[in-house]
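# Architecture and fold: a report
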Amino acid sequence: MAAITLGAAVVRAAFGVWFGDAKLVSEVGGSAIDLAAQKLTSERERRRLQRVRDETADLVADRVQPLVEREFGDLPEHERRAAVDAVRDTFEAATLTEDDLFKQDLDAGYLDRYLRSQDPDRTARAGLGDGGVRLYDLVLRECSAYTIEVARTLPGAGIAGLAELLRRDRQIIDDVAEVLARLPERRGVEDFERDYRQLVANRLDRVEFFGATLSESSRRYPLSVAYLSLTAREAVEGAAPVERVLARSDRIFVRGQAGIGKTTLLHWIAVRAARDADGGAVPFFLPLRRYATATLPAPEDFLNEVGRHIAEEMPPGWVQRQLRTRGGAIVLVDGVDELAEERRDEVRRWLRDLIDAFPHARYVVTSRPAAAPHDWLDNDGFLPAELEPMTPAQVRIFVGRWHEAMRSGCRTEPDRDEVTEQERRLLAALDQHRHLRQLAGYPLLCALLCALHRDRRGQLPGNRMELYEVALHMLLERRDRERRIDARPALGRTEQTLLLCDLAYWLIRNGWSDAARADAVGRIAAKLRAMPQVTAAPDQVYRVLLERSGLLREQVAERVDFVHRSFQEYLAAKQAVDEGDFGVLTAHAHLPAWHEVVVMAAGHASASARDTLLYGLLDRGAADTDRTHRDLLRLIALACLETSPERGPELEAAIRKATVNLLPPRTEAAAMALGRAGPFALDLLIAAPVPPNEYARVLTVKAAAATADPAALPLLARLGGDSRLAVVDALTQAWPRFDPDDYARIVLRDSPLRAGELVVDDRGLLPTLRHLRRLRYLTVSSLDLEPVDLGFVRDLTSLRHLSVSNCADAGPLASCALDSLRVTSASRTLDLAPIARMPQLTQLDVRGEVSNGQLLAELDLSILGMEAGPFYRTGTLEWPRLRRLSLYRAGDMAPLAQVRLPRLTRLDLTVEGMGTTLELPVAPALEHLCVHFGEPPDLSALAGTEVPMIELHHHGRDPLDLGPLAGVAGVIVNVYRRQARVLGENDLGEGSTVRSAWDDSPTTR
């Protein structure tokens, strides 16, 4: 009972802090929940609030009771009850404010001290003995932690937060249970590690965005919701999820370009380690930028960044003890590049001293590549790894998790719905615009896109030029300034932009993707002659641009290039316009490296200069005798309209007229021109309306497929539901040009195919078929000698009919819900036992040697095809349900005469051997007999048959004597070789026909 009342007191305190009402906070005792309830309008709402309070109090009590019994089981019952009641009284006597709590980084130790200061002599007034005082201390400290966790888990604050609490009461109670269960067990009153772990988890479990003007919710959000695992590459094992790379060594040196997520990765490692319920490594997060002008920290100073408010409580030598324990600590050193160049050797010596003193600890160090080569820490046993940009699939996941983090902070269902709609619209924008996809590969820039899109109510800047300007402002100035990183020499944004523009245009103009470092420094030196305000040496300026701008890198030693091609094109275009190089732009516009430079030059140019550029493109296109260049120049002019904030109606009309047949394409030539134009034209194709007629859609598919750009997939997906056969065929033919799994998942997912039918001759496509929801009929044609692995069939839940050649193992087919199966066995014998366990199978055709054929009698087959020998060896003499039987390679027909087929209506025989005597089964209902042969069999057994229709198919060259069938009516004979003579055709009965594949005039009786 004491634990229950204590739980209620803890919950009242947490609710008071959470609700944020001054009156509630000042009366955080028994009236707190009641005061909240007074703000509710209905009795039902009050009951729901009471239920949340009561169930949360029970969760706290369920944590307290085992703790008391485990740690103080030998204390008398009345003493235990008195100590727990005293903790309750301390909570009820205190007043709390949210500022008090959150200014201390959600610190349980601070709350414990604060509560004691509010009720200093509670243990004396409660008459507790020494054991009772120790129990009081333990439970008060533990409940302080519970208060923080409950307050953090409740949604929002104030009236809106209260409404949200009532709407999601069950989910919130479950969330509280989860966060309390995640807390490690306290190992005594002075369990400093427990308090530190909780503080690290709460402090670092958030992402803070620097460098852009954003709303508070977009600037800060929970890391544990938004985190995405990145890909890292190391020399030996190659690329893998970064968590897997981290597990390969106790010492990892992680390098990555600006904005790739290095700091976020370390935060994630710290939060996961801190929340390890099994007491894993204790994390120490050390951002080196905090020591730009200070001595690098000794172990006793490791808590200065996270935990400074509880550092005074730290037992002497505590950090050192964690570091000495094997696997007991993980040291997370962030940002070697954020210290001045002259101090980096000091960092390396500091790390070496730490490792020498504490070799059993784990270490993860991060840096931008420009500040430290990959082998910078090789001598200290570090495994170097490089973080890679996100793939398109990872970008979509990142966007989803970012918006989920936003939804987690919403107070109402309409607010959450709005965030969901913003997510959908942003993903659509990423599908449509290549410049967005280029930026989104880096988590920092992807988060910027998400935040700008959200803060502008689901709209990105209407012109990409504005978006680049915002991003460059963040990269070149605000981010470092807001993170208090002081680069030397100091370069303002204007100076950096001038230098970077010059470098970008210099590279483009010379047709270079990168340049030697010495040449780049020389270029900077030349530019600095006109910038007297910059007094630093050219090599120092180069170093700042390389390390701090986030735009340059030395991916190859001593050679520099731009990290983001899109920013290089933006900056180069600005320089070209500043230099008035419109003739140069027009002359080079047809070259792939200049496409986007020209498009963005139109955005940088003044109105009159823009007219000069665009009319120049149209004039050159009209005069160019090369049709490829002519179409390409017109497309570039059209693309320039997107970046041009101002253009005359006559100019726009001229561009639209010149491109009317190109978008959407109306001819094969136009489709090929779009395909050759490359990625920029794909954006135009995506922005164009989907054509309604079949031929135009086929051309659109061909144009998109010709780019082989994954960005074309969303466009092709818009056509994926078209059931017209020409469109279906064009889409399936484009499949091999893209990643097979992505194509199947995105484009063909809901395709009707050819009325549900598909033929696959590439085994690499088989695992991707699971994405095709409307696949009913599948034919797998194996074009190589390797047998087909049928494991993929298990995932094809909608498949009903399967035909596959070169199969060695039918095992994966057991229990599959197929209606029809056609299979050719490979060189070895095919076991039919798995097929006999297919409950819905009614049609089976199997070629080649088989075993366990006798089991087929257990199936409810209506159609069966087998080679004659295996069929006879089944030993089954009666097939009561078969309506159609096909026997292949039938040489000896005598066993067939013993088989009873009471419901058989059609029999197909492929006969081998000259003069083979035809024998028929006991089949009283037989209506149609079809016989194929290369060497004519003995037909005399058919002379007295009463089968209404007999078909003979002669595929060989030998003469066919129809004499035994003289007078037999309704015989149809097909001859496929010119050399084969037919004898006795005039003696056939009424209604008989002899056809020749090389003669259009059949003989009919």
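Worth saying up front: this structure is predicted, and the values here are computed from it rather than measured.

### A closer look at the overall build of the chain
When helices and strands are counted, the chain shows 39 helices and 29 strands. In the chain, which comprises 1005 residues, the proportion classed as buried is 55%. Look at the contacts in the chain between residues 6 or more apart in sequence, and 55% of them connect residues 24 or more apart. Counting every atom, the chain has about 41,900 Å² of accessible surface; 48% of that belongs to carbon and sulfur.

### Comments concerning the packing of helix α9 (residues 130-153) against helix α12 (residues 192-204)
Between α9 and α12, whose axes approach to 11 Å, the crossing angle comes to 10°. One way to sum up the angle between α9 and α12 is to call them roughly parallel. Contact residues: α9 offers Arg141, Glu142, Ala145, Tyr146, Ile148, Glu149 and Arg152, while α12 offers Arg194, Asp195, Gln198 and Asn202. For the contact of α9 with α12, the class distribution of residues is three nonpolar, two polar and six charged.

### A look at the sheet that holds strand β10 (residues 515-516)
The strand order across the open sheet built from three strands is β10-β12-β11, with neighbouring strands paired in antiparallel fashion. Single-partner strands in this sheet number two, and they are β10 and β11 (552-556). Pairing of β11 with strand β12 (residues 559-562), which is carried by three bridges, proceeds in the antiparallel orientation. Counterpart to Val556 in the pairing with β12 is Arg559. Sitting on the sheet, helix α24 (residues 493-509) is in contact with β10, β11 and β12, with an inclination near 100° to β12.

### Thoughts on the packing of aromatic side chains
Within this structure, the stated rule accounts for 14 aromatic pairs. Put simply, the rings of Tyr196, Phe284, Phe302 and Trp318 touch in pairs and so form one group of aromatic residues. A cation over an aromatic ring shows up here: Arg509 above the ring of Tyr505, its NZ or CZ 4.7 Å from the ring centre. Positioned above the aromatic ring of Tyr888, the side-chain terminus of Arg847 is 3.6 Å from the ring centre.

### Notes on the confidence of the model for the chain
Taken as a whole, the chain shows an average pLDDT of 82; of its residues, 87% reach a score of 70 or greater. Per-element averaging of pLDDT across the chain places helix α2 (residues 22-26) at the bottom with 39 and strand β23 (residues 928-933) at the top with 95. Low pLDDT, under 50, characterises residues 21-32; the stretch is placed with 24 contacts to residues that sit more than four places away or in other chains.

### What to know about the packing of helix α19 (residues 392-408) against helix α22 (residues 443-455)
Where α19 meets α22, the closest approach of the two axes is 10 Å, and the angle between their N-to-C directions is 50°. As far as their axial angle goes, α22 and α19 are oblique. Judged by the twist between their axes, the crossing of α19 over α22 is right-handed. Seen from α19, the contacting residues are Val395, Phe398, Val399, Trp402, His403 and Met406; seen from α22, they are Pro443, Cys446, Ala447, Cys450, Ala451 and Arg454.

### Quick notes on the pairing of strand β4 (residues 238-241)
The sheet contact formed by strand β3 (residues 231-234) and β4 spans four bridges and is antiparallel. Across the sheet, residue Thr231 finds its bridge partner in β4, namely Pro241. Linking β3 back to β4 in an antiparallel pair, the connection comprises three residues.

### Topic: the environment of Leu427
With respect to the helices and strands, Leu427 occurs in helix α20 (residues 413-432). For Leu427, a relative accessible area of 13% puts it in the buried group. Along the chain, Leu427 and Val395 lie 32 residues apart, while their C-alpha atoms are 9.2 Å from each other. When sequence neighbours within four positions are dropped, the list of residues in contact with Leu427 reads Arg396 and Val399.

### Concerning the pattern of salt bridges
In the structure shown here, the tally under the stated rule is 49 salt bridges. Asp722 serves as the salt-bridge partner of Arg697, at 2.9 Å between the closest nitrogen and oxygen. Linking Arg697 in helix α35 (residues 694-707) with Asp722 in the loop between α36 (713-719) and α37 (725-734), this pair joins segments that are 25 residues apart in sequence. In terms of burial, Arg697 and Asp722 fall into one category: buried.

### Side note on the environment of Met390
Position of Met390 among the secondary structure elements: in the loop between β9 (383-388) and α19. Residues Met390 and Pro443 lie 53 residues apart in sequence; the distance between their C-alpha atoms is 7.5 Å. Contact partners of Met390, with chain neighbours within four places excluded, come to Leu228, Leu230, Val395, Phe398, Ala440, Gly441, Tyr442, Pro443 and Cys446.

### A few points about helix α16 (residues 262-274)
The terminal C-alpha atoms of α16, which comprises 13 residues, lie 18 Å apart, in line with the 18 Å expected from a rise of 1.5 Å per residue. Counting buried positions along α16 gives 11 out of 13 residues, so the element sits mostly inside the fold. Turning to α16, its buried residues number three or more, namely Lys262, Thr263, Leu265, Leu266, His267, Trp268, Ile269, Ala270, Val271, Ala273 and Ala274.

### Topic: the sheet that holds β9
Spatially, β4-β3-β9-β5-β8-β7-β6 is the arrangement adopted by the seven strands of the open sheet, whose pairing is mixed. Looking along the sheet, the strands with just one partner apiece sit at the ends: β4 and β6 (282-287). Direction aside, the axes of adjacent strands within the sheet are offset by 25° on average.

### A short note on the side chain of Gln257
Along the chain, the position of Gln257 falls in the loop between β5 (251-255) and α16. Using a relative accessible area of 12% as the deciding quantity, one classes Gln257 as buried.

### Notes on the pairing of strand β18 (residues 843-847)
Across five bridges, strand β16 (residues 820-825) lies against β18 in parallel orientation. In the sheet register, Thr824 faces β18, and the bridge partner there is Arg847. Bridge count between β18 and strand β20 (residues 863-867): three bridges; the pairing is parallel. Residue Gln843 lies in a different strand from β20, and its bridge partner there is Ile863.

### Here's the deal with unusual backbone geometry
In this structure, Leu753 is a non-glycine residue whose phi angle is positive, near 55°. If you check the backbone angles, Arg889 has positive phi at about 55° while not being a glycine. Within the secondary structure, Arg889 is located in strand β21 (residues 884-890).

### Observations regarding the nonpolar core
Generally speaking, soluble globular proteins have nonpolar side chains that are buried together. Leu769, Leu778 and Ile835 are the most contacted members of the largest nonpolar core, which totals 275 residues. Filtering out sequence-adjacent residues up to four positions away, Ile835 remains in contact with Ala810, Leu813, Leu821, Val823, Leu841, Leu844, Leu856 and Leu859. In this structure, Phe72, Val84, Tyr136 and Ile173 belong to the second largest nonpolar core, which totals 43 residues.

### Quick look at the environment of Leu796
Tracing the backbone shows Leu796 in the loop between β14 (777-780) and β15 (801-807). Leu796 gets classed as buried once you look at its relative accessible area, which sits at 9%. Spatially, the C-alpha atom of Leu796 lies 9.8 Å from that of Pro767, the residues being 29 residues apart in sequence. Setting aside residues no more than four positions away along its own chain, Leu796 makes contact with Leu769, Arg770, Leu775 and Leu778.

### Thoughts on the side chain of Ser367
Along the chain, Ser367 falls in strand β8 (residues 362-367). Sequence-distant contacts of Ser367, defined by excluding residues within four places in its chain, comprise Phe253, Val254, Arg255, Gly256, Lys262, Val336, Asp337 and Ala372.

Rules behind the numbers
Residues numbered from 1 in each chain as written. Predicted model: local features only at pLDDT ≥ 70, side-chain atom pairs only at ≥ 80, totals over all residues. Heavy atoms only, no water. Helix = DSSP H or I, 4+ residues; strand = E, 2+ residues; numbered from the N terminus. Buried < 20%, exposed > 50% of the residue type's maximum accessible area, 1.4 Å probe, protein only. Contact = heavy atoms within 4.5 Å. Areas by Shrake-Rupley, 256 points an atom, 1.4 Å probe, with all protein chains shown as cover. Axes fitted to C-alpha atoms, helices over the stretch in contact; angles between N-to-C directions. Parallel < 35°, antiparallel > 145°, perpendicular 65-115°, else oblique. Nonpolar A, V, L, I, M, F, W, Y, C, P; charged D, E, K, R; others polar. Pairing = 2+ DSSP bridges. Phe/Tyr/Trp six-rings, centres within 6.5 Å; stacked < 30°, edge-to-face > 60°. Lys NZ or Arg CZ within 6 Å of the ring centre and 35° of its normal. pLDDT = per-residue confidence, 0-100. Left-handed = near helix turned anticlockwise from the far one by under 90°. Salt bridge = Lys/Arg side-chain N within 4 Å of Asp/Glu carboxyl O. Expected span 1.5 Å × (residues − 1). Core = buried A, V, L, I, M, F, W, Y, C linked by side-chain atoms within 4.5 Å.

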